Amino acid sequence: MKRTIWFWLSFIVAVILAVYFSVRIITTGIGQSRNSFVRNVSITANEQNKDLSAVVSAINIAPGTNAYSIDLQEMNERVSNVPGIKKSAVRRMPNGNISVHVSLHKAVALWTDGEKFFPLSADGTIVNTPSQTRNISNIVFRGKIPSDISDITASAHKLVGHLNYIEWIENRRWNLHTNTGIVVMLPEHNPSAAINTLIVLNNKHGILNKKITTIDMRDPSRTLVK
């Protein structure tokens, strides 16, 4: 008898739950549920204290919008096209709200066209948010940029007070252009070692302040000065 009662109680509870969830699914699908509407859009980023107003503008969702009328792929494309965004992901949450996660390019230097200065990430991406002025603590690049500038940027920071800009030559090596007009021709391999040698020469002889035009360091065994 007890088994029969428990069976029918379990059966009734299962039917009630099935009806409840069926109604929720149907009402959500036709836009009549509270979960069918966007009440909140959350944005998270891999960098703290960054201005995400451009991302908000790209999302462009009014409160009360039907969550299931939103094309998430199209929204994600708009977000990913915001300057400074490396990649993005957009999700519709079970409660109808929208979650957006963005990964930002981290600027390690600047790139200049001769007039404006653009933030430059370690993978060589030029971010289209230029400024008219340059911070003297930034390394500046000109011309074509390879896919990885992290090593040369770290090494060149040791000379940041002497450098005007850095240039990628023949897709294989770097030239340093100093504030005094000297062109330092770095070797194709291990340019960091050449920069360290240059620092030693400058500390001992003030070579970067002399009236010369070129320091050729392409041959690791000798340095030519003109």
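Note: the structure precedes this text.
The structure reproduced in this document is the subject of the present report. What you are looking at is a predicted structure, and each value in this text was computed from that prediction instead of being measured.

1. Structural notes on the environment of Gly114
- Along the chain, Gly114 turns up in the loop between strand S4 (107-112) and strand S5 (117-121).
- In this structure the C-alpha to C-alpha distance between Gly114 and Gly143, which are 29 residues apart in sequence, comes to 9.8 Å.

2. Section: the side chain of Asn175
- By the secondary structure assignment, Asn175 is in strand S8 (residues 173-178).
- A polar contact is formed between the side chain of Asn175 and the side chain of Arg173, at a distance of 2.6 Å.
- Discounting chain neighbours no more than four positions away, the residues touching Asn175 are Tyr165, Ile166, Glu167, Ile169, Val183, Val184, Met185 and Leu186.

3. Let's talk about unusual backbone geometry
- One non-glycine residue, Glu170, adopts positive backbone phi at about 55 degrees.
- Within the secondary structure layout, Glu170 lies in the loop between strand S7 (163-169) and S8.
- Its relative accessible area of 56% is what places Glu170 among the exposed residues.
- Non-glycine residue Asn190 carries a positive phi angle of around 55 degrees.
- When you line up the elements, Asn190 lands in the loop between strand S9 (183-185) and helix H5 (191-205).

Rules and cut-offs
- Residues numbered from 1 in each chain as written.
- Predicted model: local features only at pLDDT ≥ 70, side-chain atom pairs only at ≥ 80, totals over all residues.
- Heavy atoms only, no water.
- Helix = DSSP H or I, 4+ residues; strand = E, 2+ residues; numbered from the N terminus.
- Polar contact = N/O pair within 3.5 Å; in protein donor to acceptor, adjacent residues only side chain to side chain.
- Contact = heavy atoms within 4.5 Å.
- Buried < 20%, exposed > 50% of the residue type's maximum accessible area, 1.4 Å probe, protein only.

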